[in-house]
Amino acid sequence: MIMTSVKLTPLARIELCAPPQPNMSSRMNSTTTKIPPDENELITKLMRGDDQAFRQLIAQHHSLMLSIARAIAGDTFADDVVQEAWVSVYKNIASFERRSSLKTWLLTIVSNQAKARLRKESRQVSLDQLDGEVPGSYLDGAHFKADGHWQQPIPQWNTESPEALLEERQLQCCINRTLNLLPPAQKAAFILRDIEQQSFDDICKILTVSATNVRVLVHRARLTLMQVIDRYQETGSC
Amino acid sequence: MLSCKQVAAVASDYLDNNTPLKWQIRLHLLMCANCRRFVRHLKITRDISAKIVGEDASVNTDVIWKNLQAQLKKEKLPDRE
């Protein structure tokens, strides 16, 4: 194969974006968002002060908020940050203006709370310190020859049907387990992008990393999960 | 022509339709079976992982709710109990 020089986006270090906005009520979008009827009903109940609705909100979003807090503030402060975020949500839900989805509003609150906590602790933590390259991953130089070609053939999979793979209970456990072992920033970026389907711009604002670095985090997470499937196809276990 | 290493580095951007190198990657994929398999496997990984939702079982809503109420009491806000 003939090689030409092509400038690629580097697997850059994770850079912090501009300083976070202290305003807790800042929105991801300034325009009105179309909110589904179910969510509208939940919001109405929450604004009326319905405790059951608030418990439902906690059950639906606590895990995701904890992932975001861990990615930004680290394990030590994450539980406190989310607790503080719930207090803020409780106090401010009556003035929720429906300019974004409820989830985006919650993520903005927990993100700002986590950034505020970092400032309070006077710690300048780059996501670099919370994340990192995984040795042995597909991006590891050991997988490639000096000319950039694969060192070994990519392993074949016995099953490539997504439907069939989704039937595999053991594989689901392996993927869930690996997801929980990912570095916090990778896990948060992956969940926000591939599970929650948030835009790269919104993820950048929530995690305070550049759009390029969000893409790098998501890519690394996918590659790690792909290796789980590689292993599962080869051995039938994690 | 892109190398396999370069294609592997931007494969997610390609799947997300988020790269100016789309045609160069396609050209490489036409000629490289390993990278075709790599990108196909990455796409399957992305698609099935998105459908697997986990870990919510660990949320203890009662404890979080009680902590919230306690915090509100501490701040002397009217609670709802």
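A brief structural summary. Because the structure is a prediction, the values reported are computed rather than measured. (Residues numbered from 1 in each chain as written. Chains lettered and ligands numbered in written order. Predicted model: local features only at pLDDT ≥ 70, side-chain atom pairs only at ≥ 80, totals over all residues. Heavy atoms only, no water.)

**Some words on the interface of chain B and chain A**
So, step 1. In this assembly, 52 residues from chain B lie in contact with 57 residues from chain A.
So, step 2. A buried area of about 5,300 Å², summed over both sides, lies between chain B and chain A, and 65% of it is on carbon and sulfur atoms.
So, step 3. Summed over the shared surface of chain B and chain A, the number is 5 salt bridges.
So, step 4. In this structure, B:Arg40 and A:Glu160 form a salt bridge, with 2.7 Å as the shortest nitrogen-oxygen distance.
So, step 5. In this assembly, chain B and chain A are joined by 16 residue pairs in polar contact (both at pLDDT 80 or more).
So, step 6. At the level of elements, α1 (4-9), α2 (11-15), α3 (22-31), α4 (33-51) and α5 (61-74) of chain B are the ones that each hand at least two residues to the side of chain B that touches chain A.
So, step 7. Element by element, the count of residues in the side of chain B that touches chain A is highest for α4(B), at 14 residues.
So, step 8. The residue inventory of the side of chain B that touches chain A, partitioned by class, reads 24 nonpolar, 15 polar and 13 charged. (Contact = heavy atoms within 4.5 Å. Buried area = accessible area lost by both parts, 1.4 Å probe. Salt bridge = Lys/Arg side-chain N within 4 Å of Asp/Glu carboxyl O. Polar contact = N/O pair within 3.5 Å; in protein donor to acceptor, adjacent residues only side chain to side chain. Helix = DSSP H or I, 4+ residues; strand = E, 2+ residues; numbered from the N terminus. Nonpolar A, V, L, I, M, F, W, Y, C, P; charged D, E, K, R; others polar.)

**Observations regarding the environment of A:Trp105**
Residue and element names in this part refer to chain A.
So, step 1. For Trp 105, the position within the fold is in helix α4 (residues 102-120).
So, step 2. A relative accessible area of 2% means that Trp 105 is categorised as buried.
So, step 3. In this structure, the C-alpha to C-alpha distance between Trp 105 and Ile 93, residues 12 residues apart in sequence, is 9.9 Å. (Buried < 20%, exposed > 50% of the residue type's maximum accessible area, 1.4 Å probe, protein only.)

**Here's the deal with the pattern of salt bridges**
So, step 1. This structure, assessed with the given rule, holds 15 salt bridges over all chains.
So, step 2. A:Glu97 is the salt-bridge partner of A:Arg99, the closest N and O atoms lying 3.1 Å from each other.
So, step 3. Under the relative-accessibility criterion, A:Arg99 is labelled partly exposed at 32%.
So, step 4. By sharing partners, the salt bridges in this structure join A:Asp194, A:Arg222, B:Asp16, B:Lys43, B:Arg46 and B:Asp47 into a single network.

**Here we look at a nonpolar patch on the surface**
So, step 1. Nonpolar side chains collect at one region of the surface, where B:Leu27, B:Leu30 and B:Met31 lie side by side and expose about 330 Å² of accessible area between them.
So, step 2. On the basis of relative accessibility, which here comes to 44%, the residue B:Leu27 falls in the partly exposed class. (Patch = residues over 30% accessible without salt bridge, like charges linked within 9 Å, V, L, I, M, F, W, Y side chains within 5 Å. Areas by Shrake-Rupley, 256 points an atom, 1.4 Å probe, with all protein chains shown as cover.)

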